[in-house]
Every structure is written in C-alpha cells, then in structure tokens.
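As a plain string of letters, each chain reads:
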Amino acid sequence: MYKINEIFQTIQGEASFTGTPSIFIRLQGCPVGCSWCDTKQTWEASDVYKVDLQKTVEKKADSELWADSSAQQVIDLIESKGYQAKHIVITGGEPCMFDLIPLCDLLHGNGFSTQLETSGTFEIKVPEKTWVTVSPKINMRGGYPVLKQAMLRANEIKHPIAMMKHVEELEALLTDMDIQPELIYLQPISQKAKATRLAVDICIAKNWRLSVQVHKYLGIN
Ligand SMILES: C[S@@+](CC[C@H](N)C(=O)[O-])C[C@H]1O[C@@H](n2cnc3c(N)ncnc32)[C@H](O)[C@@H]1O
Ligand SMILES: Nc1nc2[nH]cc(C(=O)O)c2c(=O)[nH]1
Ligand code: SF4
Ligand SMILES: [Mg+2]
C-alpha cells in the first residue's frame, strides 16, 4: 500500500520536464526535515488524518490528510478523472520510503511515462525507464552509500540554493563522489531575489541550468 497525500493534474514546474502536462502523485511521509521544505504537510502520516482516497484528489488546499492506496486503486482513480496528461510525477514527502516498482510498472503498462522526485536519502526502487530527479539532501539521513547510489542513478540533479554555502556543498559532494552529472539544475529556494541572482550567476559561470519553480510564479499547483 502507498500513502497518498494528493493527486492532481498540472504543468511540471521544475527542471528538464518544465512545461510538461503532468499528473502528480504526492506520497505522505518524510523524516528528512529540510528547514525550507515547501511541503511540510507531508512529513507525518498520523492516523488522525487518514481519509478515503477520493479526498486526496485535487484538494482545495495543502493539508496533512492522506489515504492508503494500492497501485491499482491509484490507476483507477487517475482513469476516472479523465486527465489528458501522460506524464506522471511521483513526489512527496519522500517517495522512496516506498517500493515504487509495482506502481511504476502498472503506470507504464497503462501508457504513462514516469518521473521520480527524491532526496537520495532512501534506496531508489523504480524501473529502468523511470526518469529520476535527485535533489541531494547532503549530511541528512541515509548516509553516503545511499546518496551515492542515488546520484549515480539520477537522470538529473536539482539542487535548491539560497546562499553560496549550498553551492559549495554540492561541488564538494560531486568532487568527493567523483561524478560529473550531465544535467545539474540550481533551484532558488522560495523565489527569494538573492537566491535567484546567485543561482543565475552560478549557472552561467559553471554552465549549469536554472530551475525556477514556474508553477509558483503562475500561482498554480
Ligand atoms: C518537496 S520535495 C519532495 C521530493 C523529495 N523529498 C525531495 O526532496 O526531492 C520536491 C522538490 O522541491 C524542492 N523544494 C522543496 N522546498 C523548496 C523550496 N522552498 N524552494 C525550492 N525548492 C524546494 C526539493 O528540493 C525537491 O527538489
Ligand atoms: N507544478 C509543480 N511542479 C512540481 N515539480 C516538482 C514538484 C514537487 O512538489 O515535487 C512540483 C509541484 O508541486 N508542482
Ligand atoms: S527531503 Fe524533500 S519532502 Fe523531505 S523535508 Fe526535504 S524537501 Fe521536504
Ligand atoms: Mg512542490
């Protein structure tokens, strides 16, 4: 069973798939605790907030409500909504707290492409053809071997930054792991002007890419 916080259709607002109509499946639960996390409502999976799956589809506002669901129930729900998007983004919370292979296999079998958003703090369990976005949570739980596996599996790295220290942490990680990812995105934390200026400057200097959370500028989910 998967713990579902919400399912909704929107435009992917981050990194390589920016602009792609997508169905988001947001899973409940994350023990990592990033101070600037924009989805703190997903951290705990308290029984007090457990609801029917139907209540998690297109919530009117962020909430801690969540539902237990099988992979088949997720597909049935998505089919019942008549969404047009064929790209599915699995995020959270930390989705890698779950084995995502049965869910992704079923989605692929039903004609969807899949993308995972993960912090690299848990082992990644997805099929080969799932696009993996790793937003490395450096010095957080999981430890070096788990994070290194995630960095090697990643199709793209997306790193939220607010200050130079965050850039240096990423540089040190890449040097330490001796890896040169093809796609590195810097994402300004919470649309802060200083963070955005820094991200622009560093992206130009290092030939990295900028990801600006387009959905937040548009005022959509
Ligand atoms: C909410 S997380 C969920 C998936 C997973 N736990 C992770 O951290 O990658 C989705 C993405 O949003 C980023 N993010 C979270 N809060 C943010 C913020 N305030 N500003 C910019 N990016 C943020 C995360 O780093 C991650 O890339
Ligand atoms: N539109 C939109 N794009 C996103 N890309 C990553 C998101 C996430 O929360 O993981 C996200 C999100 O919440 N909304
Ligand atoms: S790992 Fe992801 S969901 Fe968890 S606290 Fe950090 S940004 Fe939020
Ligand atoms: Mg988000």
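Conventions adopted
Residues numbered from 1 in each chain as written. Chains lettered and ligands numbered in written order. Predicted model: local features only at pLDDT ≥ 70, side-chain atom pairs only at ≥ 80, totals over all residues. Heavy atoms only, no water. Core = buried A, V, L, I, M, F, W, Y, C linked by side-chain atoms within 4.5 Å. Buried < 20%, exposed > 50% of the residue type's maximum accessible area, 1.4 Å probe, protein only. Contact = heavy atoms within 4.5 Å. Patch = residues over 30% accessible without salt bridge, like charges linked within 9 Å, V, L, I, M, F, W, Y side chains within 5 Å. Areas by Shrake-Rupley, 256 points an atom, 1.4 Å probe, with all protein chains shown as cover. Salt bridge = Lys/Arg side-chain N within 4 Å of Asp/Glu carboxyl O. Helix = DSSP H or I, 4+ residues; strand = E, 2+ residues; numbered from the N terminus. pLDDT = per-residue confidence, 0-100. Near = heavy atom within 4 Å. Polar contact = N/O pair within 3.5 Å; in protein donor to acceptor, adjacent residues only side chain to side chain. Nonpolar A, V, L, I, M, F, W, Y, C, P; charged D, E, K, R; others polar. Phe/Tyr/Trp six-rings, centres within 6.5 Å; stacked < 30°, edge-to-face > 60°.

Asks: Lay out the nonpolar core in plain terms, naming residues and giving numbers.
Replies: Formed by 52 residues in total, the largest nonpolar core has its most connected members in I7, I25, I78, L100, L107 and M151. In this view, I25 contacts I4, E6, I7, V74, I78, I88, V89, I90, T91 and L107; residues no more than four positions away in its chain are not counted.

Asks: Lay out a nonpolar patch on the surface in plain terms, naming residues and giving numbers.
Replies: On the surface, I11, L218 and I220 cluster together into a nonpolar patch covering about 250 Å² of accessible area. Within the secondary structure, I220 sits in the segment after α6 (214-218).

Asks: Give a detailed account of the confidence of the model for the chain, specifying residues and quantitative values.
Replies: One rule of thumb: low pLDDT means the predicted coordinates there are not for detailed reading. Of the residues in the chain, 99% have a pLDDT of 70 or more, and the chain-wide mean is 97. ipTM for the predicted complex: 0.99, alongside a pTM of 0.98.

Asks: A description of the site of ligand 2 should follow, citing residues and the corresponding values.
Replies: With respect to spatial proximity, the complete set of residues near ligand 2 consists of T10, I11, Q12, G13, E14, F24, R26, T91, E117, H215 and N221. Within the contact set of ligand 2, a nitrogen atom lies 3.4 Å away from a side-chain nitrogen or oxygen of H215. Starting from 320 Å² of accessible surface for ligand 2 in isolation, the protein chains cover 92%. Secondary structure elements with two or more residues in the shell around ligand 2: β1 (2-11) and β2 (21-27). For the shell around ligand 2, the class distribution of residues is two nonpolar, six polar and three charged.

Asks: Which residues make up the packing of aromatic side chains, and what values do they have?
Replies: Summed over the entire model, instances satisfying the criterion amount to three aromatic pairs. A ring pair is formed by F17 and W131, whose centres lie 5.4 Å apart and whose planes are at 80°; its orientation type is edge-to-face. Note that F17 is positioned in the loop between β1 and β2 and W131 in strand β6 (residues 131-134), a separation of 114 residues in sequence. Taking relative accessible area as the criterion, F17 reaches 23% and is therefore assigned partly exposed.

Asks: How would you explain the side chain of T118 if you had to name every residue and give the values?
Replies: One can find T118 in strand β5 (residues 113-118). In terms of polar contacts, T118 uses its side chain to reach the side chain of E94, at 2.7 Å. Residue contacts for T118: discarding those within four places in its chain leaves E94, C96, I124, V132, T133, V134 and S135.

Asks: Residues and numbers for the environment of A85, please.
Replies: Along the polypeptide, A85 turns up in the loop between α1 (71-81) and β4 (87-91). Taking the C-alpha atoms as reference points, A85 and S113, 28 residues apart in sequence, are found 9.7 Å from one another. Setting aside anything within four residues of it in sequence, one finds A85 in contact with Q9, P21, S22, I23 and F112.

Asks: Account for the pattern of salt bridges, naming residues and giving values.
Replies: A complete count under the given rule lists eight salt bridges for this structure. For E171, the salt bridge goes to K206, with nearest N and O atoms at 2.7 Å. You can see E171 sitting in helix α4 (residues 164-177) and its partner K206 sitting in helix α5 (residues 193-206), a full 35 residues away along the chain. In this structure E171 comes out as partly exposed when scored by relative accessible area, which is 26%. Here K206 falls in the partly exposed class, since its relative accessible area comes to 35%.

Asks: Describe the site of ligand 1, listing the residues and the values that go with them.
Replies: Every one of the 21 residues lining ligand 1 counts as a neighbour, but W36, G93, S135, K137 and S190 are closest to it. Take G93: an N or O atom from its main chain is 2.8 Å from a nitrogen atom of ligand 1. Interatomic distance of 3.3 Å between a backbone N/O atom of T118 and an oxygen atom of ligand 1. For ligand 1, the accessible surface in isolation is 540 Å², of which the surrounding protein chains cover 95%. Looking at the shell around ligand 1, the elements with two or more residues in it are β5, β7 (156-161) and β8 (184-188). Class assignment for the residues of the shell around ligand 1 results in five nonpolar, 10 polar and six charged.

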